[in-house]
Amino acid sequence: MFDTISDYYDTVNTYFTFNLDKSWRSLLIEKTLTPGNPSITLLDVATGTCEVLKTAYETFPDRILNSTGIDPSAGMLSFCPSKLKLALPPSTPPPLLLTSSITTQTFPHLFTHTTISFGIRNIPSRSSALCNIRSHSSSPLSCPSSHTCPHPSRLGILEVSYTPHYLSDITLSNLSLSTPLKILTSYFVHYLVPSIGYLINGFDKYDEYRHLVDSLEAFPADFEREVEGLKCEDGGWKLEEVEERNFGTIKVYTFTAV
Ligand SMILES: C[S@@+](CC[C@H](N)C(=O)[O-])C[C@H]1O[C@@H](n2cnc3c(N)ncnc32)[C@H](O)[C@@H]1O
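Residues numbered from 1 in each chain as written. Predicted model: local features only at pLDDT ≥ 70, side-chain atom pairs only at ≥ 80, totals over all residues. Heavy atoms only, no water.

(A) Highlighting the state of the cysteines. Counted by the stated rule, this structure contains two disulfides. The disulfide partner of Cys 50 is Cys 80, and the S-S distance across this bridge is 2.1 Å. As the torsion about the S-S bond is roughly 90 degrees, the Cys 50-Cys 80 disulfide counts as right-handed. Here the residue Cys 50 occupies a position in the loop between strand S1 (40–45) and helix H4 (51–59), and Cys 80 occupies one in helix H6 (residues 80–87), the gap between them amounting to 30 residues. (Disulfide = S-S within 2.5 Å. Helix = DSSP H or I, 4+ residues; strand = E, 2+ residues; numbered from the N terminus.)

What follows is the structure, given as structure tokens:
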């Protein structure tokens, strides 16, 4: 599906978010990469057109030892090389880009940090994806000694998360000052986003944008609990923080491997 909209993906994002998407990805990178292991081996899941990897190298040019981006859409990944060329510090090896699904891919080494930006709700099996990431993450339990691996891996997830509020949902008991904004956001997302996507991308792309909005509306409001409740073979994820932007509709969740 993303192959069909990849040509306009970055442009549409910029318009829909009034260019705020870049600051949200910067927040993801800062929240995920700031504490913890000073030498980063980064996995970016659902890497798309490599906006997150680009931001990571621009923010922490000296700390990233190596990075990997994974996405099944070759169309999205095709935008990465030219974009990354400008962002990578001199003599830095380019990220390894894998055209593959995170639910099945295995990696030859562990990662100290993993990021997922606007991707987790598009992955059909969230639990398989998050457990696969966990099995490729370092934790004190998997370390030979606390000296060689003092920091547990961190996972940062950026996602749109809101409960749609339509006029018909409003009652006296749930009325508050933020109600008009919630209603406006719900109608904007439900009706205008697919239509604008359709106008920019072409008349045959309405279904793709409809699907994006449907997946957004189906995303659980208590996603962090879902992640904390996972019992993976190699352990699980402990919630560190949920940072909100845009009246709580944009969230950056950070977890550590346990
Ligand atoms: C909305 S885009 C996000 C792209 C990018 N992370 C960003 O911030 O703009 C969602 C991406 O998830 C990818 N995706 C869907 N299923 C996936 C899977 N099973 N494994 C990895 N990526 C997946 C899609 O191909 C698409 O590029």
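So, next bit.
(B) Representation of the site of the ligand within the structure. The environment of the ligand is formed by 16 residues, the closest being Tyr 9, Ala 46, Asp 71, Ser 101 and Ser 117. Contact between the ligand and Ser 101: a nitrogen atom at 2.9 Å from a side-chain N or O atom of the residue. Burial of the ligand by the protein chains amounts to 95% of its free accessible area of 600 Å². Partitioning the shell around the ligand into residue classes produces eight nonpolar, six polar and two charged. (Near = heavy atom within 4 Å. Polar contact = N/O pair within 3.5 Å; in protein donor to acceptor, adjacent residues only side chain to side chain. Areas by Shrake-Rupley, 256 points an atom, 1.4 Å probe, with all protein chains shown as cover. Nonpolar A, V, L, I, M, F, W, Y, C, P; charged D, E, K, R; others polar.)

(C) Inspection of the pattern of salt bridges at higher detail. In total, this model carries twelve salt bridges according to the counting rule given. Here Arg 25 makes a salt bridge to Asp 21, at a shortest N to O gap of 3.1 Å. A residue pair is termed a helical-turn pair when its members lie 3 or 4 positions apart in one helix, as Arg 25 and Asp 21 do in helix H3 (residues 21–33) at four residues. There is no split in this pair, since Arg 25 and Asp 21 are both buried. One salt-bridge network, held together by shared partners, links Lys 31, Glu 241, Glu 243 and Arg 245. (Salt bridge = Lys/Arg side-chain N within 4 Å of Asp/Glu carboxyl O. Buried < 20%, exposed > 50% of the residue type's maximum accessible area, 1.4 Å probe, protein only.)

(D) Seen up close, the side chain of Thr 112. Structurally, Thr 112 is set in the loop between strand S3 (96–98) and strand S4 (113–117). Its relative accessible area of 9% is what places Thr 112 among the buried residues. Among the polar contacts made by the side chain of Thr 112, one reaches the side chain of His 113 at a distance of 2.7 Å.

(E) A look at the nonpolar core. Residues Leu 33 and Leu 158 are the most contacted members of the largest nonpolar core, which totals 36 residues. Once residues within four sequence positions are removed from consideration, Leu 33 is found in contact with Ile 40, Leu 42, Ala 56, Phe 60, Arg 63, His 113 and Thr 115. Among the nonpolar cores identified, the runner-up in size contains 25 residues, and Ile 102, Ile 116, Ile 123 and Ala 257 belong to it. (Core = buried A, V, L, I, M, F, W, Y, C linked by side-chain atoms within 4.5 Å. Contact = heavy atoms within 4.5 Å.)

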